[in-house]
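Summary of structural features
Here is what each chain is made of, one letter per residue.
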Amino acid sequence: SFAQVGHGGSGSLATQIVGADISVSFCEPGALSVSGGGADFSYAQIGNGGLDYDLDVTGDLTVMDATTLSVTGGSANKTYAMIGNGGDQTDGTKGGDISVGADQILISGGSGGAQAEARIGHGGGGGASGTISGTIDVTTAVNGISLTGGEGALALASIGHGGGIYQGSVVAQSISVNSADGIDITGGIGAQSAAGIGHGGIFSTGSEFSGSVDVTAVNDINLDAGILAGTTAQIGHGGSSADGDMG
């Protein structure tokens, strides 16, 4: 099962999804939750593509005016949650600018299963591949931004293109993160459940992961690693055991 705002869907046989822009906004104050499910492969996504989609997918994504925006991985295996094009185990080019604004933003890896990633950015986990393009702009207007790795293995929480075990490249694509309060980046309690702002991801491989990373906060910026291997907290491209040119 899956929940998705966007074209495609799990195992879709659609031909290329190109130039398919998506905009989500609120006339009155309201919260927005993007949450993976409780059964294996039950993902949630604002973006085009979906689990196992294997062709090119592009389009600008805009999510604005939520009070609290929560992006949360699920409790079973590969129950990813993301605002971005692509998805777990996808191939093909992924592109489009991403703009996200809310009063506060919470990005959390899943609560039990493996590879229950949470992400604002194109790409996907589980060996997804392909060249990625597009800028990322994430802003809060009232409160802060938090990224917290999850409880299962490889339950990453990230702002950036790529994902755990991503096989591809991101060349000269900028990331801008602006918080009206603080920014907290905390590694999870599951093995390899990293949290970070940057392209790539733990065990990612590709020719290059690059682009400017600008992070601004009114109050404190805190990075706290977890206690298990790979539960890193990072601002910058790459990740534990990542391979390729970074810059």
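Placed above this text is the structure.
So, here's what we can say about the structure. The model shown is predicted, which means the values in this text are computed figures rather than measured ones. (Residues numbered from 1 in each chain as written. Predicted model: local features only at pLDDT ≥ 70, side-chain atom pairs only at ≥ 80, totals over all residues. Heavy atoms only, no water.)

Attention shifts here to the overall build of the chain. Each helix and strand in the chain was counted, giving 0 helices and 23 strands. Expressed as lengths along the three principal axes of its C-alpha atoms, the size of the chain is roughly 45 × 45 × 35 Å. The buried share of the chain, taken over its 247 residues, is 52%. Put simply, 83% of the contacts in the chain that link residues at least 6 apart link residues at least 24 apart. Counting every atom, the chain has about 8800 Å² of accessible surface; 49% of that belongs to carbon and sulfur. (Helix = DSSP H or I, 4+ residues; strand = E, 2+ residues; numbered from the N terminus. Buried < 20%, exposed > 50% of the residue type's maximum accessible area, 1.4 Å probe, protein only. Contact = heavy atoms within 4.5 Å. Areas by Shrake-Rupley, 256 points an atom, 1.4 Å probe, with all protein chains shown as cover.)

Read across the open sheet, the 7 strands follow the order E1-E4-E7-E10-E14-E18-E22; overall the sheet is parallel. Strand pairing shows two members of the sheet lacking a second neighbour, strand E1 (2-5) and strand E22 (233-235), which therefore form its edges. Averaged over all pairs of adjacent strands, the angle between strand axes in this sheet comes to 5 degrees, irrespective of strand direction. Inspection of the sheet shows E1 paired to strand E4 (residues 43-46) by 4 bridges, in the parallel sense. Note that in E4 the partner of Ala 3 across the bridge is Ala 44. (Pairing = 2+ DSSP bridges. Axes fitted to C-alpha atoms, helices over the stretch in contact; angles between N-to-C directions.)

A separate point is unusual backbone geometry. If you check the backbone angles, Gln 192 has positive phi at about 65 degrees while not being a glycine. Its place among the elements puts Gln 192 in the loop between strand E17 (183-186) and strand E18 (195-197). You can call Gln 192 buried: its relative accessible area is 19%. Not every positive phi belongs to a glycine, and Phe 203 is a case in point at roughly 65 degrees. If you trace the backbone, Phe 203 turns up in the loop between E18 and strand E19 (205-209). A relative accessible area of 33% places Phe 203 in the partly exposed class.

This part is about the pairing of strand E11 (residues 129-133). Judged from the 2 bridges that link them, strand E8 (residues 94-95) and E11 form a sheet pairing that is parallel. Looking at the pairing, Lys 94 lines up with Ile 132 of E11. Note: E11 against strand E15 (residues 167-170), 4 bridges, orientation parallel. In the strand pairing of E15, Thr 131 is matched with Ser 169.

Here we come to the packing of aromatic side chains. Counted according to the given criterion, the structure contains 2 aromatic pairs. A centroid spacing of 5.1 Å and a plane angle of 5 degrees characterise the contact between Phe 2 and Tyr 43, whose relative ring orientation is stacked. Placement of Phe 2 in strand E1 and of Tyr 43 in strand E4 is noted, with a sequence separation of 41 residues between them. Judged by relative accessible area, which is 2%, Tyr 43 ranks as buried. Consider the rings of Tyr 43 and Tyr 80, whose centres lie 4.8 Å apart with planes at 5 degrees: the pair is stacked. Of this pair, Tyr 43 sits in strand E4 while Tyr 80 is found in the loop between strand E6 (61-72) and strand E7 (81-83), placing the two residues 37 residues apart along the sequence. Take Tyr 43 and Tyr 80: they sit in the same class, and that class is buried. An aromatic cluster is built from Phe 2, Tyr 43 and Tyr 80, whose rings are joined through pairwise contacts. (Phe/Tyr/Trp six-rings, centres within 6.5 Å; stacked < 30°, edge-to-face > 60°.)

With 32 residues, the main nonpolar core has Ile 120 and Ile 159 as its most contacted residues. Setting aside residues no more than four positions away along its own chain, Ile 159 makes contact with Ile 107, Ile 120, Ile 136, Val 138, Ile 145, Leu 147, Ile 175, Val 177, Gly 196, Ile 197 and Gly 198. Counting residues in each nonpolar core, the second largest holds 5 residues, with Ile 132, Tyr 166, Val 170 and Phe 209 among its members. (Core = buried A, V, L, I, M, F, W, Y, C linked by side-chain atoms within 4.5 Å.)

Here we come to the sheet that holds E8. Taking strand neighbours across the sheet as the criterion, the 6 strands line up as E5-E8-E11-E15-E19-E23 in an open arrangement whose pairing is parallel. Both edges of this open sheet fall to strand E5 (57-58) and strand E23 (243-246), since each of them pairs with a single strand only.

Moving on, we get to the environment of Ile 105. Assignment of secondary structure puts Ile 105 in strand E9 (residues 98-108). Not counting chain neighbours up to four residues away, the residues in contact with Ile 105 comprise Leu 69, Val 100, Ile 120, Val 138, Thr 139, Thr 140, Gly 144, Ile 145 and Ser 146.

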